[in-house]
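# Coordinates in review
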Amino acid sequence: MSLRISGGSLRGLKISVPKVQKVRPTSERVREAIFSKIHKDIQGATFLDICSGSGIMSIEAISRGVSFASIVEKNRRCIPIIQENLRKCKICNSQYKIIAADGKKISFDKSDIVFLDPPYAQDPKVWLYSIENLVKDILIFEHSSKNELPDNTEILEKFDERKYGDTKISYFAPLSI
């Protein structure tokens, strides 16, 4: 299976999807909707992609102008596919870092934009509370449409939510105090 990059300087290139159980790439329709919503915030931003799978969201973000992407994936069988996809797209090593780790346990500086797409079978609230300290401007959380997320945490507030079939995208920003 391959995915097509939907926008930016790499638009139209195809990348591979790992043949690993539980890897569920974000659909092109959903990717286009996400990047349409955040297009004003993306130029020069830092991007943190947690549960990256194929790396498609980071590659889309770099294609559209982020300055640096941190790509986090726990499944070590996905890492060579992510590396190959980045090479295929001719993305410079200085534009990204791949971290083979559990996204719930990473310690990072805050990123301007955080994209989180954990397995749908896992409790999304656990993920939300695990990574909320990593968000500088926007958290984009892809999860099952069957799950509800709180309107806010101690740190973040939900400002939008969209449903695409069995996928829901929840957008959070830091609370204004």
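Whatever comes next refers back to the structure up there.
Computed from a prediction, not measured in an experiment: that's the story for all the values here.

## Regarding the nonpolar core
With 33 residues, the main nonpolar core has I34, I38, F47, I59, I91 and I140 as its most contacted residues. Mapped by element, the contributors of at least two residues to this core are α1 (28–42), α2 (56–63), β4 (68–72), α3 (79–88), β6 (111–116), β7 (135–144) and β9 (167–174). Setting aside residues up to four positions removed in sequence, F47 forms contacts with M57, S58, A61, V66, F68, A69, S70, S111, I113 and F115. Grouped together as the second largest cluster of nonpolar side chains are 18 residues, I50, C51, L116 and W127 included.

## Describing the environment of G103
As for its position among the elements, G103 is in the loop between β5 (96–99) and β6. The class of G103 is buried, set by a relative accessible area of 4%. For the pair G103 and C51, spaced 52 residues apart in sequence, the C-alpha separation works out to 6.6 Å. Excluding residues within four positions of it along the chain, G103 makes contact with I50, V72, W127 and I131.

## Here's the deal with the packing of aromatic side chains
The final tally for this structure, using the stated rule, is one aromatic pair. For the pair F159 and Y171, a centre-to-centre distance of 5.9 Å together with 40° between the ring planes defines the contact as tilted. Taken together, the positions of F159 in strand β8 (residues 156–164) and Y171 in strand β9 put the pair twelve residues apart, joining distant regions of the chain. If you follow R24 out to its NZ or CZ, it ends over the ring of Y120, 3.5 Å from the centre.

## Some remarks on the pattern of salt bridges
Following the criterion strictly, the structure yields 14 salt bridges and no others. Look at the salt bridges and you will find they share partners, linking E148, D151, K158, E161 and K168 into a network.

## A closer look at the pairing of β6
Among the six residues of β6, six are classified as buried, and the element is accordingly described as predominantly covered. Here four bridges tie strand β3 (residues 46–50) to β6, and the two strands are oriented parallel to one another. When the sheet's bridge partners are listed, L48 is paired in β6 with V114. Of the strand pairs in this sheet, β6 and β7 are connected by five bridges, and their pairing is parallel.

## Section: the pairing of β5
Pairing between β4 and β5: four bridges, direction parallel. Across the sheet, the residue bridging to A69 is Y96, located in β5. With α3 bridging β4 and the parallel β5, this β-α-β connection has right-handed handedness.

Criteria and thresholds
- Residues numbered from 1 in each chain as written.
- Predicted model: local features only at pLDDT ≥ 70, side-chain atom pairs only at ≥ 80, totals over all residues.
- Heavy atoms only, no water.
- Core = buried A, V, L, I, M, F, W, Y, C linked by side-chain atoms within 4.5 Å.
- Buried < 20%, exposed > 50% of the residue type's maximum accessible area, 1.4 Å probe, protein only.
- Helix = DSSP H or I, 4+ residues; strand = E, 2+ residues; numbered from the N terminus.
- Contact = heavy atoms within 4.5 Å.
- Phe/Tyr/Trp six-rings, centres within 6.5 Å; stacked < 30°, edge-to-face > 60°.
- Lys NZ or Arg CZ within 6 Å of the ring centre and 35° of its normal.
- Salt bridge = Lys/Arg side-chain N within 4 Å of Asp/Glu carboxyl O.
- Pairing = 2+ DSSP bridges.
- Right-handed = clockwise from strand over helix to strand, strands pointing away.

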